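Close look at the chain arrangement
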2 protein chains.
Amino acid sequence: MTSVSLRAMFLGYGNVGKALRKMIKERGEKTGLNVKIEAVVNRSGIMLEDSDNFIKNKEGGPIDALNMTNPDVIIDVSSANYESGEPSLSLYREALSRGIHVVTANKAPLALRYGEIMDLAKKHSASVGFQATVMSGTPSINLLRLMRGLKIVKIRGILNGTTNYILTRMHQGLEYDQALKEAQALGYAETNPEHDVNGFDAAAKLTILTNFAMGLNLSIKDVVFSGIENIRKSSLKGKKVKLIAYSEGRFAKVSPEEITKEDPLYNVEGVMNALDIHSDIQEVVIMGPGAGPQNAAFGLFSDIVLITKGLI
Amino acid sequence: MTSVSLRAMFLGYGNVGKALRKMIKERGEKTGLNVKIEAVVNRSGIMLEDSDNFIKNKEGGPIDALNMTNPDVIIDVSSANYESGEPSLSLYREALSRGIHVVTANKAPLALRYGEIMDLAKKHSASVGFQATVMSGTPSINLLRLMRGLKIVKIRGILNGTTNYILTRMHQGLEYDQALKEAQALGYAETNPEHDVNGFDAAAKLTILTNFAMGLNLSIKDVVFSGIENIRKSSLKGKKVKLIAYSEGRFAKVSPEEITKEDPLYNVEGVMNALDIHSDIQEVVIMGPGAGPQNAAFGLFSDIVLITKGLI
């Protein structure tokens, strides 16, 4: 197999970034992919070597790092900033304008400025891979890439593992507070779980997914969302409720919905995610893990592969 | 979007072939795909024009048609011949040797001679698309193409809609003979349902899937299979049984298995198909229709798109 070489710059370097580095080293060669990490930039500065531990070699921010290395692809594993999308957004603008590809696990820039980013990429023949923003390494965005020629008419998804875990445990008899605490103890929920439990995280994912599936340019501000924080065990009355992300055309909402036994999403339990895609030819459902450093790293890895193949 | 032009030759011209012709005309342009049908060959002879109804223009077989037109891609929608794989197999050998791609909905050649066909394709830099042989238009083979870099360790699938329909109806209270008759009346089972109910069809699909997922060269003769023809309502005792296609390494078998409520395949009902892929990083399950002319045509269509993109 001929090997494709790519020079990469990482923005951010937490668990996902380190898992991706390991994956590239362990799995790159047999996939025909030779990714060389030329720079890592995070809040503290710039590293210009390939190391598992961040070592600051230079002062500077993302654009400085870009100018120092001129990579083929930017890998964004920085944390989401839903206020401004920064510093990712400015880096994407600069990189895409130079024809440099972007592969991201960070939802914020695409949930805020999808159309602008895609237009810029198209104008400069650069690619944007964003599988890891929705369902992590479980093909969702990339599954849709296999479905060219179909018209997607409706999407339903369970896109947030934290809330699905809590709701699953409440259906099994726990109170909301017990279930949340358990999720926190298991690392499924953050200390401040607000963005998960109020539906915001699912809404960000739904924004990206709907834009891609239906060729739209929604912002997260266009998505109506409500969460599970006011659901109590007593109000469930034994019914199964899931936090459903739903879109049909330009209408997109996230809300808790009662699910019947016949629903293909009925058996999606715990931290599992699922996506139910309705097209003009067929309905397809995919389920899999929606989080985890290894999974997110795999989502990024498969985007890099697809970019080298020309599918993205 | 720049359009890619391909000249195609069809082997066989039944419902699937005609549905694909329609799809190419209706959806090709907006997908950037311009497929020109230069020849159709079936048992009665050769058509050298593009028409919804077969019109015999010339006497001759598949190789004659190939020599007359020199297409870029062969589309095999002929019926399966599990004795010899002919006439498909000889056509593939000739076409692939000339660097002509093959896209097929016909399981027989790949279930009999997977390794030979793939080696020949590789040697001559030709591609073989075979999404439509397993789960029709629901991404199964092509979903695995998104997962390069993962090691697939185990596969479990419901790959035959006829038997799943019969078992679903038996679970709902019908006797085997009633359920089979109903499936026949609805067009889900053939007049002679032998290859479906005895597990052979699922075994052919499992052979292809396992070879592709695990890099093997099994023949259908290597797959142990049993069917549902001896299952009676009384022996089910209310339990849910599914015909499960299972492989792990070189071991591949098809057999009826009792399914528990927690199993991701539990809710796969009626003619739906499903595939449960276990890799060294994640478990992913996809469900969707496994048959129908439109669905099979879409499976072929997406293979043609992926060949032009270089992913296959």
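Residues numbered from 1 in each chain as written. Chains lettered and ligands numbered in written order. Predicted model: local features only at pLDDT ≥ 70, side-chain atom pairs only at ≥ 80, totals over all residues. Heavy atoms only, no water.

The name that an unreviewed UniProt entry assigns to chain A is Homoserine dehydrogenase, with the source organism given as Metallosphaera cuprina. We quote the UniProt Sequence similarities (unreviewed entry) comment for chain A here in full: "Belongs to the homoserine dehydrogenase family." (UniProt positions renumbered as here; feature names shortened; annotations may be inferred.)

Some thoughts on the pattern of salt bridges
In total, this model carries 37 salt bridges over all chains according to the counting rule given. The partner of A:Arg21 in a salt bridge is A:Asp50, and the shortest N-O contact between them spans 2.6 Å. Taken as a pair, A:Arg21 in helix H1 (residues 15-27) and A:Asp50 in the loop between strand E3 (45-47) and helix H2 (62-69) lie far apart in primary sequence, 29 residues in all. On the basis of relative accessible area, A:Arg21 is assigned to the buried category, the value being 14%. The class of A:Asp50 is partly exposed, set by a relative accessible area of 33%. Across the pair B:Arg27 and A:Asp280 runs a salt bridge, and its minimum N-O distance is 2.8 Å. Of this pair, B:Arg27 sits in helix H1 (residues 15-27) while A:Asp280 is found in the loop between strand E11 (272-279) and strand E12 (283-289), placing the two residues in two different chains. Each of A:Arg21, A:Lys25 and A:Asp50 takes part in a single network of salt bridges with overlapping partners. (Salt bridge = Lys/Arg side-chain N within 4 Å of Asp/Glu carboxyl O. Helix = DSSP H or I, 4+ residues; strand = E, 2+ residues; numbered from the N terminus. Buried < 20%, exposed > 50% of the residue type's maximum accessible area, 1.4 Å probe, protein only.)

Details of the sheet that holds strand E1 (residues 4-11) of chain B
Within a sheet, adjacent strands bond to each other through the backbone by hydrogen bonds, running parallel or antiparallel. Residues and elements named next belong to chain B. As summarised here, the arrangement of the six strands in space is E3-E2-E1-E4-E5-E6, forming an open sheet in which the pairing is mixed. Each of the sheet's edge strands pairs with one partner strand only, and the pair in question is strand E3 (45-47) and strand E6 (128-129). Bridging between strand E5 (residues 101-104) and E6 involves two bridges; their strand directions are parallel. If you follow Val 102 over to E6, its bridge partner there is Val 128. H1 contacts E1, strand E2 (33-42) and strand E4 (73-76) of the sheet and is inclined by roughly 165° relative to E1. (Pairing = 2+ DSSP bridges. Contact = heavy atoms within 4.5 Å. Axes fitted to C-alpha atoms, helices over the stretch in contact; angles between N-to-C directions.)

Some words on the interface of chain A and chain B
With 38 residues of chain A at the interface, the matching set in chain B holds 38 residues. A buried area of about 3200 Å², summed over both sides, lies between chain A and chain B, and 62% of it is on carbon and sulfur atoms. The largest contributions to the chain A side of the interface with chain B come from A:Leu146, A:Arg148 and A:Ile281, which together make up 20% of the buried area. Put simply, chain A and chain B have two salt bridges between them. On inspection of chain A and its partner chain B, the count reaches twelve residue pairs in polar contact (both at pLDDT 80 or more). For the side of chain A that touches chain B, the elements supplying multiple residues, two or more each, are H1, helix H5 (141-145), E12 and helix H11 (293-309) of chain A. (Buried area = accessible area lost by both parts, 1.4 Å probe. Polar contact = N/O pair within 3.5 Å; in protein donor to acceptor, adjacent residues only side chain to side chain.)

Overview of the UniProt feature "binding site: L-homoserine" (unreviewed entry) in chain A
All names here are of chain A. Taking the UniProt record as the reference, the feature "binding site: L-homoserine" (unreviewed entry) is found at Glu 190. With respect to the helices and strands, Glu 190 occurs in the loop between helix H7 (176-185) and helix H8 (194-197). For Glu 190, the residues in contact, after removing those within four places along its chain, are Gln 184 and Asp 196.

Some words on the packing of aromatic side chains
Considering all chains together, one arrives at 16 aromatic pairs over all chains under this definition. A centroid spacing of 5.7 Å and a plane angle of 80° characterise the contact between B:Phe200 and B:Phe225, whose relative ring orientation is edge-to-face. In this pair, B:Phe200 sits in helix H9 (residues 200-214) while B:Phe225 sits in strand E8 (residues 224-225), placing the two residues 25 residues apart along the sequence. Using a relative accessible area of 33% as the deciding quantity, one classes B:Phe225 as partly exposed. Counting every residue linked through ring pairs, the aromatic cluster contains A:Tyr82, A:Phe200 and A:Phe225. In this structure, A:Lys240 packs its charged tip against the face of A:Tyr266, placed 3.9 Å from the ring centre. (Phe/Tyr/Trp six-rings, centres within 6.5 Å; stacked < 30°, edge-to-face > 60°. Lys NZ or Arg CZ within 6 Å of the ring centre and 35° of its normal.)

Observations concerning the side chain of A:Ser219
All names here are of chain A. As for its position among the elements, Ser 219 is in the loop between helix H9 (200-214) and strand E8 (224-225). Among the residues examined, Ser 219 registers a relative accessible area of 14% and is labelled buried. Apart from residues no more than four positions distant in its own chain, Ser 219 is found in contact with Ala 111, Leu 112 and Thr 207.

Some details on the relation of the copies chain A and chain B
Each copy superposes on the other: chain A lies on chain B with an RMSD of 0.0 Å after a rotation of 180° and an axial shift of 0.0 Å. Interpreted geometrically, this transformation is the action of a two-fold axis. Taking the C-alpha atom as reference, chain A places A:Ile286 closest to the rotation axis, 2.2 Å from it. When you check the interface residues of chain A against chain B, 100% turn up at the interface there too, and the contact is symmetric in its surfaces. (Least-squares fit on C-alpha atoms with pLDDT ≥ 70 in both.)

Details of the nonpolar core
For soluble globular proteins, the rule of thumb is that nonpolar side chains tend to be buried together. By size, the foremost hydrophobic cluster in this structure holds 208 residues, and its most contacted members are A:Phe10, A:Ile75, B:Phe10 and B:Ile75. Leaving out residues up to four positions away in the same chain, A:Phe10 has contacts with A:Gly17, A:Leu20, A:Ile24, A:Ile37, A:Ala39, A:Val40, A:Val41, A:Ile75 and A:Val77. Core analysis: the next-biggest nonpolar cluster, separate from the first, contains 20 residues, A:Ile158, A:Ile259, A:Leu265 and B:Ile158 among them. (Core = buried A, V, L, I, M, F, W, Y, C linked by side-chain atoms within 4.5 Å.)

Thoughts on the pairing of E5(B)
All names here are of chain B. Residues His 101 and Val 103 point to one face of E5 and Val 102 and Thr 104 to the other, with burial holding for every one of them. By the bridge criterion, four bridges tie E4 to E5 in an arrangement that is parallel. Considered in E5, the bridge of Ile 74 is made with Val 102. Handedness of the β-α-β unit built from E4, helix H3 (residues 88-97) and E5 comes out right-handed. Each parallel crossover has a hand, and the one from E5 via helix H4 (residues 108-123) to E6 is right-handed. (Right-handed = clockwise from strand over helix to strand, strands pointing away.)

A short note on the packing of H1(B) against helix H11 (residues 293-309) of chain B
Residue and element names in this part refer to chain B. Where H1 meets H11, the closest approach of the two axes is 8 Å, and the angle between their N-to-C directions is 60°. By the angle between their directions, the pair H1 and H11 is classed as oblique. Classified by chirality, the crossing of H11 by H1 is right-handed. When H1 is examined against H11, the residues Asn 15, Val 16, Ala 19, Leu 20, Met 23, Ile 24 and Arg 27 are found in contact with a partner set consisting of Pro 293, Gln 294, Ala 296, Ala 297, Phe 298, Leu 300 and Phe 301. (Parallel < 35°, antiparallel > 145°, perpendicular 65-115°, else oblique. Left-handed = near helix turned anticlockwise from the far one by under 90°.)

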